[in-house]
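What follows is each chain in one-letter form.
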Amino acid sequence: MHRGDGGRHLTPPRALGAEGITYDIGFTPGGRSSRPVFDVDAVRREIRVIADDLHCDAVRITGGAPEALARLAELPARLDAVLADTAAAVRERFRGKVTYAAGTWEQIDWAPFDIVSVDAYGDAGDAFRQGVRDYLRHGKPLAATEFGCCTYRGAAERGGMGWDIVDYEADPPRLDGDYTRDEDEQARYLREMLAVFDEEGVDTAFWFTFAGYEFPHHTDPRFDLDMASYGVCKLMPDGSLAPKRSFHAMAKAYR
């Protein structure tokens with residue numbers, strides 16, 4: 001597998017075991033749905049695009065009620081016991097491999113799980129690489145259950161908080177400042193992180209996400225909510241999806 005990075009090509013010592021993307025079926029953070037319109041036929045079409053055009057061989061489905069997970073955060077001392085019980089219950093009904101998508105701040109007992117998983121937002125520097133190696137010491141396959149950046153200059157540095165640039169108090173919602181749209185930054189970040197994952201021995205990686213359905217693109221930069229989106233597709237004013245440069249970068253890398 002070859003990763004393009006500017007004018008040079010990186011040939012990592014191994015390929016990822018699975019190359020994937022996150023697909024949102026709807027969260028309701030702050031009472032706002034991340035998937036205001038959910039159409040089954042559209043989902044089928046988009047999953048086909050993910051398989052055929054992006055060449056992904058894994059999809060992480062996210063959605064549900066975040067308040068159910070916030071209750072776990074109130075019980076950090078009992079989290080490992082809760083996860084062990086949950087894993088045992090899942091195994092009674094599911095014969096596949098089981099994991100838990102952890103945050104980088106969580107100290108998880110990985111014994112009940114087959115795969116070590118973490119939402120891996122960050123840069124491609126030495127500290128990030130060392131963090132990856134620390135997870136590998138558990139002796140189990142490592143999955144980056146989320147990685148990605150938004151679509152404006154400087155978004156890569158903000159990692160998992162890159163989305164926090166929207167003023168929802170305004171009517172209609174708008175960006176909370178002046179930002180420069182930069183699809184190249186998103187594509188470049190994707191290539192750099194895939195190279196790191198390959199070089200450090202990450203087994204599976206899921207880009208976050210296919211599309212930010214609550215972040216429509218607009219020609220006016222102050223109303224271009226797609227800048228706050230991690231999606232490789234942008235939601236157009238007519239409701240259709242259009243590929244960004246990160247879409248083409250992913251298709252090339254995963255092919």
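This text goes with the structure placed above it.
Values in this document were obtained by computation on a predicted structure and should not be read as measured data. (Residues numbered from 1 in each chain as written. Predicted model: local features only at pLDDT ≥ 70, side-chain atom pairs only at ≥ 80, totals over all residues. Heavy atoms only, no water.)

Student: In this structure, what is going on with the sheet that holds strand S3 (residues 18–24)? I would like to understand it.
Tutor: Picture the strands of a sheet paired through backbone hydrogen bonds; they go either parallel or antiparallel. The strand order across the open sheet formed by 6 strands is S4-S3-S10-S7-S6-S5, and the pairing between neighbours is parallel. With one partner strand each, in any of the chains shown, strand S4 (58–62) and strand S5 (99–102) form the two edges of the open sheet. Across the sheet, the mean angle from the axis of one strand to that of its neighbour is 20°, orientation sign disregarded. Against the sheet, helix H7 (residues 245–254) engages S3, strand S7 (142–147) and strand S10 (204–207), with an angle of about 150° to S3. (Pairing = 2+ DSSP bridges. Helix = DSSP H or I, 4+ residues; strand = E, 2+ residues; numbered from the N terminus. Axes fitted to C-alpha atoms, helices over the stretch in contact; angles between N-to-C directions. Contact = heavy atoms within 4.5 Å.)

Student: Any chance you could explain the packing of helix H6 (residues 183–200) against H7 here in plain terms?
Tutor: Axes are the key here: two packed helices are described by the angle between their axes and the distance separating the axes. For the pair H6 and H7, the least separation of the axes is 8 Å and the interaxial angle reads 25°. With respect to H7, the axis of H6 lies roughly parallel. As H6 packs across H7, the resulting crossing turns out to be right-handed. The segment H6 lies against H7, with Glu-183, Asp-184, Gln-186, Ala-187, Leu-190, Arg-191 and Leu-194 engaging Arg-245, Ser-246, Ala-249, Met-250, Ala-253 and Tyr-254. (Parallel < 35°, antiparallel > 145°, perpendicular 65-115°, else oblique. Left-handed = near helix turned anticlockwise from the far one by under 90°.)

Student: Before we go on, may I ask you to explain H7 in this structure?
Tutor: Most of H7 is tucked away, with 7 of its 10 residues classed as buried. Listed in full, the buried residues belonging to H7 are Ser-246, Phe-247, Ala-249, Met-250, Ala-251, Ala-253 and Tyr-254. (Buried < 20%, exposed > 50% of the residue type's maximum accessible area, 1.4 Å probe, protein only.)

Student: I tried to follow the packing of aromatic side chains on my own but got confused; where do I start?
Tutor: Each pair of aromatic rings is reported with the distance of its centres and the angle of its planes. Overall, the coordinates contain 11 aromatic pairs when judged by the stated rule. Members of the aromatic cluster, joined through ring pairs, are Phe-128, Phe-147, Tyr-189, Phe-197 and Trp-207. One residue, Arg-35, lies across the ring of Tyr-213, its end atom 3.6 Å from the ring centre. (Phe/Tyr/Trp six-rings, centres within 6.5 Å; stacked < 30°, edge-to-face > 60°. Lys NZ or Arg CZ within 6 Å of the ring centre and 35° of its normal.)

Student: How do you make sense of the packing of helix H4 (residues 126–136) against H6 when you look at a structure like this?
Tutor: Orientation of H4 relative to H6, taken along the N-to-C sense of each, is 40°, at an axis distance of 10 Å. As summarised for this structure, H4 and H6 are arranged oblique, according to the angle between their axes. Remark: the crossing between H4 and H6 carries right-handed chirality. Of H6, the residues touching H4 (which contributes Phe-128, Arg-129, Val-132, Arg-133 and Leu-136) are Met-193, Val-196, Phe-197, Glu-199 and Glu-200. For the contact of H4 with H6, a count of residues per class yields 6 nonpolar, no polar and 4 charged. (Nonpolar A, V, L, I, M, F, W, Y, C, P; charged D, E, K, R; others polar.)

Student: Just to check I follow, could you spell out the pattern of salt bridges for this structure?
Tutor: Proximity of charged atoms lets side chains of opposite charge pair with each other. Tallied over the full model, the rule gives 19 salt bridges. For Glu-199, the salt bridge identified is with Arg-129, shortest N-O distance 2.8 Å. On the criterion of sequence distance, the pair formed by Glu-199 in helix H6 and Arg-129 in helix H4 is long-range, its members being 70 residues apart. Since its relative accessible area comes to 34%, Glu-199 is described here as partly exposed. Its salt-bridge partner being Asp-224, residue Arg-181 comes within 2.8 Å of it at the nearest N-O pair. Residue Arg-181 is located in the loop between strand S9 (174–175) and H6, and its partner Asp-224 is located in the loop between strand S11 (211–216) and strand S12 (233–235); the two are separated by 43 residues in the primary sequence. One salt-bridge network, held together by shared partners, links Arg-181, Glu-183, Asp-224, Asp-226, Lys-234 and Lys-244. (Salt bridge = Lys/Arg side-chain N within 4 Å of Asp/Glu carboxyl O.)

Student: Just checking my understanding: could you explain the environment of Asp-85 for this structure?
Tutor: Residue placement: Asp-85 occurs in helix H3 (residues 79–91). In this structure the C-alpha to C-alpha distance between Asp-85 and Pro-112, which are 27 residues apart in sequence, comes to 8.9 Å.

Student: Just to check I follow, could you spell out the sheet that holds strand S13 (residues 241–243) for this structure?
Tutor: The sheet built from 3 strands is open, its strands ordered S11-S12-S13 with mixed pairing. In the strand order of this sheet, the two ends are held by S11 and S13, each with one partner. On average, each strand axis in the sheet is tilted by 30° relative to the strand beside it, whichever way the strands run.

Student: What's the story with the nonpolar core in this structure? I'm lost.
Tutor: Generally speaking, a soluble globular protein has its nonpolar side chains buried in company with each other. Residues Ile-21, Leu-54, Phe-197, Phe-210, Val-232 and Met-250 are the most contacted members of the largest nonpolar core, which totals 45 residues. Excluding residues within four positions of it along the chain, Phe-210 makes contact with Ile-21, Thr-22, Tyr-23, Glu-46, Val-49, Ile-50, Leu-54, Gly-231, Val-232, Cys-233, Leu-241 and Phe-247. One finds Cys-150, Tyr-152, Ile-165 and Leu-175 within the second-largest nonpolar core, a separate group that totals 11 residues. (Core = buried A, V, L, I, M, F, W, Y, C linked by side-chain atoms within 4.5 Å.)

Student: I keep staring at the side chain of Thr-204 and nothing clicks. Help me out?
Tutor: Its location among the elements puts Thr-204 in strand S10. Among the polar contacts listed, one links the side chain of Thr-204 to the side chain of Asp-203, at a separation of 2.8 Å. Setting aside chain neighbours within four positions, we find Thr-204 in contact with Ala-18, Leu-142, Ala-143 and Ala-144. (Polar contact = N/O pair within 3.5 Å; in protein donor to acceptor, adjacent residues only side chain to side chain.)

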